[in-house]
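Structural description and commentary
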Protein chains: 2
Amino acid sequence: MAEPRREITAECLCIGDELLIGQTLNTNAAWMGEQLGLIGIRPVLTRVVGDHPDRILEALRTSTADVVLMTGGLGPTKDDITKHMLCTFFGTRLVRRPEVEARIVELFTRMGRAPGDVMEVNRAQADLPEDCTVVPNLRGTASGMWFERAGRVFVSMPGVPYEMTGMMVRDVLPMLRDRFEPPVIVHRTVLTTGLGESQLAERIAGWEDALAADGIKLAYLPSPGLVKLRLSAYANADGTAARAQVDRRVQALYGLIPELIYGEGEERLEQVIGRLLKAKGQTLTLAESCTGGFLSHLVTSIPGSSAYYIGGVVSYANAVKMEELGIPSDMLELNGAVSQPVVERMASGVREALKSDWAIATSGVAGPDGGTPDKPVGTVWLAVAGPDGVRSSKGVFMGTRDLIIQRSATAGLNMLRKRLLSG
Amino acid sequence: MAEPRREITAECLCIGDELLIGQTLNTNAAWMGEQLGLIGIRPVLTRVVGDHPDRILEALRTSTADVVLMTGGLGPTKDDITKHMLCTFFGTRLVRRPEVEARIVELFTRMGRAPGDVMEVNRAQADLPEDCTVVPNLRGTASGMWFERAGRVFVSMPGVPYEMTGMMVRDVLPMLRDRFEPPVIVHRTVLTTGLGESQLAERIAGWEDALAADGIKLAYLPSPGLVKLRLSAYANADGTAARAQVDRRVQALYGLIPELIYGEGEERLEQVIGRLLKAKGQTLTLAESCTGGFLSHLVTSIPGSSAYYIGGVVSYANAVKMEELGIPSDMLELNGAVSQPVVERMASGVREALKSDWAIATSGVAGPDGGTPDKPVGTVWLAVAGPDGVRSSKGVFMGTRDLIIQRSATAGLNMLRKRLLSG
């Protein structure tokens, strides 16, 4: 492995009382830390301070990292003071930027406001420090600010995650890469589902041990129902040798656990399903009981899903299971709603009623109430109906109501994925 | 307002590379911040540093808060170095605590290990700094450590949330209260929907300005479709005067923006809907197009929602709108799916088909594609059908596909809330 150049360090400085008092979870710092790592900059410190002049100034004065990424305190209200503190710290003053003001007015008129009705408090968001580089915000009214001092970079961005991430991806990350030319890191992320973290680690232990010889690091990134495996290695000048080594190891992993890998990179299981269905020109419907619409939400969160998703029925009450999905009342009485015959009938029922090639059905006990000794909370029946018939399986998922819903949905999507691949 | 005693400040110092690189979300800091606030200790700083000696020592040396709550780095492996750094910082040394070792051995034997088989690496977790007070861990093997120096308190706890929270609730929070007798803070959070942050601020500017006279602080906490307003004030000895002042100001706010307030505290809009429906003994169904099941997911994320939620139809394809919801094909052809007549018919259609008192329907362009000059991305028609007929309204929402879906769902729930209250 090529020896990396001097390490570039970064601090995330997040401003906002809501973060300190636990009203808002600091997802920004986690996301920024991950993105910095991906371009070879090392996050060494995260600080959260309140919307308080002395605290913000003290944090700026005691920062030492090469890169300081700030979020928060850029809103139009009185408690948003970040840009004033930046002026104090850098010894500069606010000036109104006409091009930024024009964009703000345009944003408001697009939402139906007359230009004359755009309030001064909103226009004042175009008042920005005189010697900063403005980082455009295409998703809101608070601009980003880029400062350079003594070889170090300070970037101030809004605290709204959607606005901050847009700004980072479009401008800040490329600008940081140009400015510091950090050592290139080669990454590849393999997405798995079907085994928990420790079982997966046991299964691939031999493969994992051999990675060190190539200078490849492995990270396990678990989330409900999934484990991502990220391989990373410092690249030589052109990156090709490290890339080839990582690729070779990933190839070996495909040989080792083919049934557990569903994709790579940032791809989501519902995207994989969409890709497979589109390739086959086939369609999907859903019949949801315990997942309550969450499975449908996952499928429709993918842009363009209307090409293969017909629709679904959330059959919370038994009456809906009977009338919309054609489940006989004696089947419900005999087996209960959380049962193999019912879930299979739900899948074939919705497939016939809404006319699709494939259908997924879920029926289970999401809790916290409703469990029995026979069917404890977390018991979930899943079925997939398709051109070659209906198949089902039972899972018992751990965790809160939210987690049981998420894990059921993931398991249902994965059942369909396997059917689509085997067919 | 009674003059508060000197404010007691706190810092959360979280140790762990996994937090810096974004592998783990820092839920510990958020939870500790909230708990500290509730006992009247003010969190002023959160820091996250890696498992690195210099970084940990530097953080300890530069800390200034009265209380420093540390998490992480207490495990049995080599990269867990927190207690060694605490010894360096406090000039003390590790000594084995026999009572702690006995508890560790007992924990392992309870899990089926023979006492003789408990490894030295695990027993070594009973090596703790000589002059700390041990905080027992009933949920794991890593003990907490409580130090006092020059009137300040340092507490080191494990990073596993389940272990940390157990320790905090059972011992650390009561010990902090005894040690500092912090001033009580009175909070009340009012939940609003219908206006964005800046429009809301403009609307209540006069009310906001008057809060200072009572020593009440106001925070705006926006999230997609909602703005929370949190009032807080220091209490006098018994808390009643400050409580009364906060209550009086909240009462005035209800008079000022009655139509925008949907609840208080941690309540979610879908909980409010559930509460109102249960009180009336009425039921709900949903017909979703652009929200694609997300509205149904919100409703069913509330435990016990099966008491009032019958079910729903996700009518993504027009065929489902026609066959399941009875929308005439010429109505779809004439107006398009994203239109007032169609969304009203969806609401009454699902209300009749699934037999409920109320129904919400959504039809819009969630994007990123599918917008037209006439109906740009973000155009959403919403309808609520009820015993007294169907009403509808159009919104144009900003943001990504996800945000448009979230904002549409919030707006739909809020329409129903108003109907339930006016009926």
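Residue positions are counted from 1 within each chain, in the order its sequence is given. Labels are handed out in written order, letters beginning with A for the chains and numbers beginning with 1 for the ligands. The predicted nature of this model means local features are confined to residues of pLDDT at least 70 and side-chain atom pairs, given and counted, to a pLDDT of 80 or more, with totals for whole chains, interfaces and linings taken over all residues.

1. Observations regarding the interface of chain A and chain B
- This entry defines residue contacts through backbone-placed C-beta atoms, with two residues in contact when those atoms are within 7 Å. Counting residues at the interface gives 61 residues for chain A, matched by 59 residues for chain B.
- Residues are grouped as follows: Ala, Val, Leu, Ile, Met, Phe, Trp, Tyr, Cys and Pro are nonpolar; Asp, Glu, Lys and Arg are charged; every other residue, Gly included, is polar. In terms of residue class, the side of chain A that touches chain B is built from 29 nonpolar, 24 polar and eight charged.
- In this structure, strand β14 (residues 309–315) of chain A lies alongside strand β14 (residues 309–315) of chain B, joined through five bridges in antiparallel fashion. Residue Val-313 of chain A lies in a different strand from β14 of chain B, and its bridge partner there is Val-313 of chain B. We call two strands paired when DSSP finds no fewer than two bridges between them. Secondary structure elements are taken from DSSP: a helix is a run of H or I of four residues or more, a strand is a run of E of two residues or more, and numbering for both begins at the N terminus.

2. Concerning the sheet that holds strand β1 (residues 9–15) of chain B
- The sheet built from 12 strands is open, its strands ordered β6(A)-β7(A)-β8(A)-β3(A)-β1(A)-β2(A)-β2(B)-β1(B)-β3(B)-β8(B)-β7(B)-β6(B) with mixed pairing. Across the chains shown, the open sheet's two edge strands, defined by having one partner strand only, are β6 (133–135) of chain A together with β6 (133–135) of chain B. Shown here is a sheet whose adjacent strand axes are inclined to one another by a mean of 20°, direction ignored.
- Pairing of strand β7 (residues 144–149) of chain A with strand β8 (residues 152–157) of chain A involves five bridges; the strand directions are antiparallel. Residue pairing for β8 of chain A: Trp-146 of chain A is matched across the bridge by Val-155 of chain A.
- Note on definitions: angles span 0 to 180 degrees between N-to-C directions of axes, and those axes are lines fitted to C-alpha atoms, for helices only across the stretch in contact. Running over the sheet, helix α7 (residues 161–180) of chain A touches β1 (8–15), β2 (41–49), β3 (67–71), β6, β7 and β8 of chain A and is turned about 175° from β8 of chain A.

3. Regarding the packing of helix α3 (residues 53–62) of chain B against helix α4 (residues 82–90) of chain B
All names here are of chain B.
- Put simply, α3 and α4 touch, their axes get as near as 10 Å, and they point 50° apart. With respect to each other, α3 and α4 are oriented oblique. Considering only the axes of α3 and α4, their crossing is right-handed. Contacts between α3 and α4 pair Pro-53, Ile-56, Leu-57 and Leu-60 from the former with Thr-82, Met-85, Thr-88 and Phe-89 from the latter. Our angle categories are set so that under 35 degrees counts as roughly parallel, over 145 as roughly antiparallel, 65 to 115 as roughly perpendicular, and the remainder as oblique. Handedness of a helix crossing follows the sense of rotation of the near helix relative to the far helix, less than a right angle counterclockwise being left-handed and clockwise being right-handed.

4. What to know about unusual backbone geometry
All names here are of chain A.
- Cis geometry marks the peptide bond from Gly-367 to Pro-368; its omega dihedral reads 0°.
- Along the polypeptide, Pro-368 turns up in the loop between β15 (358–364) and β16 (379–386).
- Its identity as a non-glycine residue notwithstanding, Lys-355 has a phi of 60°, on the positive side.
- Checked against the element boundaries, Lys-355 lands in the loop between α15 (340–353) and β15.

5. Let's talk about the environment of Pro-224 of chain B
Residues and elements named next belong to chain B.
- Within the fold, Pro-224 resides in the loop between β10 (217–223) and β11 (226–234).
- Counting other C-beta atoms within 10 Å of each residue's C-beta, where C-beta atoms are placed from the backbone, gives the exposure class: buried for 20 or more, exposed for 12 or fewer, partly exposed between. In this structure Pro-224 comes out as partly exposed when scored by C-beta crowding, with 16 C-beta atoms within 10 Å.
- Measuring from C-alpha to C-alpha, the distance between Pro-224 and Leu-403 comes to 6.9 Å, with 179 residues separating the pair along the chain.
- Here Pro-224 is in contact with Leu-403, Gln-406, Arg-407 and Thr-410, once residues within four sequence places are set aside.

6. With respect to the sheet that holds strand β9 (residues 185–193) of chain A
Residue and element names in this part refer to chain A.
- Taken in spatial order, the four strands line up as β10-β11-β9-β12 in an open sheet, and their pairing is antiparallel. Only two strands of the sheet have a single partner each, and these edge strands are β10 (217–223) and β12 (261–264). Averaged over all adjacent pairs, the angle separating strand axes in this sheet is 25°, with direction ignored.

7. Here we look at the packing of helix α2 (residues 27–38) of chain B against helix α7 (residues 161–180) of chain B
Residues and elements named next belong to chain B.
- For the pair α2 and α7, interaxial distance at closest approach is 11 Å and the crossing angle is 20°. Classified by the angle between their axes, α2 and α7 sit roughly parallel to one another. Classified by chirality, the crossing of α7 by α2 is right-handed. Seen from α2, the contacting residues are Thr-27, Asn-28, Trp-31, Met-32 and Gln-35; seen from α7, they are Pro-161, Met-164, Thr-165, Met-168 and Leu-173.
- Of the residues belonging to the contact of α2 with α7, the class tally is six nonpolar, four polar and no charged.

8. What to know about the nonpolar core
- Here a nonpolar core is just a set of buried residues of the types Ala, Val, Leu, Ile, Met, Phe, Trp, Tyr and Cys, joined wherever their C-beta atoms sit within 7 Å. Ala-347 of chain A together with Ala-347 of chain B are the most contacted members of the largest nonpolar core, which has 139 residues in total.
- Ignoring any residue separated from it by four or fewer positions in sequence, one finds Ala-347 of chain B in contact with Ala-287, Ala-359, Ile-360, Ala-361, Ala-383, Val-384, Ala-385 and Val-390 of chain B.
- Among the nonpolar cores identified, the runner-up in size contains 85 residues, and Ile-8 of chain A together with Ile-8, Leu-13 and Leu-45 of chain B belong to it.

9. Digging into the pairing of β1 of chain B
Residue and element names in this part refer to chain B.
- Burial analysis of β1 places six of its seven residues in the buried class, which makes it a mostly covered element.
- Looking at chain direction, β1 and strand β2 (residues 42–49) are connected through seven bridges and run parallel. What sits directly across from Leu-13, in β2, is Arg-47.
- As paired strands, β1 and strand β3 (residues 67–71) are joined by five bridges and run parallel to one another. Paired with Ala-10 across the strands is Val-67, a residue of β3.

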